[in-house]
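The lines below spell out each chain.
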Amino acid sequence: MKFTYPVYVPSIDRHINFRELPNKFYIVILKFLANEDNTNLEKYLNKIIDNLNDDIKSCDLNKIDKFCILISLRITCIGPDVTLEMTCAETDQKYKGSIDLYNILKMVSQLHTTKERVCNVCKGIKAYLSTPTSLHYGKITSPISTIVDVIHRLEIGDKTYNLSTLTIDEKNKILGTLPGKNFKTILKYADNTQKNFKDLVVFKDKSPHIENSNVTEYKIGLYDNSMYEMIKLCYNSHIANYYTTIFTLCDTMNFTADYVENITPAESSLFIQQKRVEIENKKQQQQQQTGPTVGTSPSHGNF
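Residues numbered from 1 in each chain as written. Predicted model: local features only at pLDDT ≥ 70, side-chain atom pairs only at ≥ 80, totals over all residues. Heavy atoms only, no water.

Enquirer: So what's going on with the pairing of strand β4 (residues 94-100)? Residues and values would help.
Expert: Where burial is concerned, the two faces of β4 differ: the one with Tyr-95, Gly-97 and Ile-99 is buried and the one with Lys-94, Lys-96, Ser-98 and Asp-100 is not. Bridge analysis of strand β3 (residues 81-87) against β4 gives seven bridges, and the strand direction is antiparallel. Paired with Thr-83 across the strands is Ser-98, a residue of β4. Hairpin connection from β3 to β4: six residues lie between these consecutive antiparallel strands, with Asp-92 at a positive phi of about 65°. (Buried < 20%, exposed > 50% of the residue type's maximum accessible area, 1.4 Å probe, protein only. Helix = DSSP H or I, 4+ residues; strand = E, 2+ residues; numbered from the N terminus. Pairing = 2+ DSSP bridges.)

Enquirer: Residue-level account of helix α6 (residues 168-176), with values.
Expert: Among all positions of α6, only Ile-168, Lys-171 and Leu-175 are buried. Down the axis of α6, the smallest arc covering the buried residues is 65°, so these residues share one side. Residues Asp-169, Lys-173 and Gly-176 are exposed on α6 and point more than 90 degrees away from its buried face. (Arc of directions from axis to C-beta.)

Enquirer: Go over the environment of Ser-213, please, and point to the residues and values.
Expert: Along the polypeptide, Ser-213 turns up in the loop between β9 (201-205) and β10 (216-219). Dropping the residues within four chain positions of it, Ser-213 is found in contact with Lys-206 and Ser-207. In this structure the side chain of Ser-213 is engaged in a polar contact, spanning 3.0 Å, whose partner is the backbone oxygen of Ser-207. (Contact = heavy atoms within 4.5 Å. Polar contact = N/O pair within 3.5 Å; in protein donor to acceptor, adjacent residues only side chain to side chain.)

Enquirer: Describe in detail the pattern of salt bridges, supporting the description with residues and values.
Expert: Under the counting rule described, the total for this entry stands at eight salt bridges. For Arg-19, the salt bridge identified is with Asp-54, shortest N-O distance 3.1 Å. Taken together, the positions of Arg-19 in strand β2 (residues 14-19) and Asp-54 in the loop between α2 (38-51) and α3 (63-77) put the pair 35 residues apart, joining distant regions of the chain. The salt bridge partner of Glu-116 is Arg-153, with a shortest N-O separation of 3.1 Å. Of this pair, Glu-116 sits in the loop between α4 (101-109) and β5 (117-122) while Arg-153 is found in strand β7 (residues 151-156), placing the two residues 37 residues apart along the sequence. A cluster of three or more residues bridged by salt bridges with shared partners is formed by Lys-275, Glu-278 and Lys-282. (Salt bridge = Lys/Arg side-chain N within 4 Å of Asp/Glu carboxyl O.)

The values are spatial; any link to function lies outside them.
Have a look at this one:
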C-alpha cells in the first residue's frame, strides 16, 4: 500500500486521494521542458494525473481541476515555494522574487465555476458547454479560436460525440462544418467563465533597485496559455543539476537507482541537505580535534 494524500478537485467539490510524484516522473517533465515540447508535455501531465489516482480521469476534468491537481502535486512532492530570478528592466540588476503556491491554490480552488449549459447550434444539433479542458492552446491566432474549448459534447440527432479529448484545432474544424453556428451563446458563456479570473493576481513584481518603481501584476486566465505557463514555471528546474542530485544519492549516499527513482524530489532534496549537514559537522569536529596549525593564530570565524 502506497502513501496517498487528499487533493481537492473543484468541479466535483470533493477530495481525491493521490499518490506521490516520484523522481522517475519528474525527470520526464524536465526533459519535455528542456526540449520546449509543449504538446507532449501536456499529454504527459494528463497521464500523470491518471497514473497517480484511482478515482478520476484527466479526460473528465476541466482546466481548473487539472491546474489545482498539478499545483497540489508540486506543493507536496517538490515544495510550496517558487523562487524567481528577476532582472530590473531599467538597471539590468538581478534580484529574487517568490511565489506562494499555497495562496495560488487557495484562490483558484475557491473560484465559482459556471454550470454546464446546452446551446442549440442549429436544428437537430446541440452543444454542451462547460469550463475549458485544455491546458495548452499552442499558438493563439485570435481569442475566439480558443473559446471553442468550452464545447465538451455535441449532440447530433440521437448520437452524442465527446469532444473533451480533442485539440482546439480539431474542435474548430468540426464547428466549421456545422451550419448556422450560434456563436453568440457560446461567446456569452465563455465571457461568464472568464469573469472569475479578472482579479486573480498570482504574483506581484516590484524592482528593489528603483525608488518608487511600479508594481507589475501577473494574472492567469482561462482562454490563453497563462495557466499552462504557470505550471511550467512551477515544475521547471535545471536538468543538469537534477542529474547531479540523482548521482549524489546513488554514488555518495549508496542509495539504489530503483529507490531514488521512486522517492519524491522533496525527499531527494532532504537527503542531500542532511548529507551536507553531516559533512559540515564532521569538518568542524576535525578542526576542533586538530586545533590550529603551528605558526598560525586560531581562527575567529568569518565576520
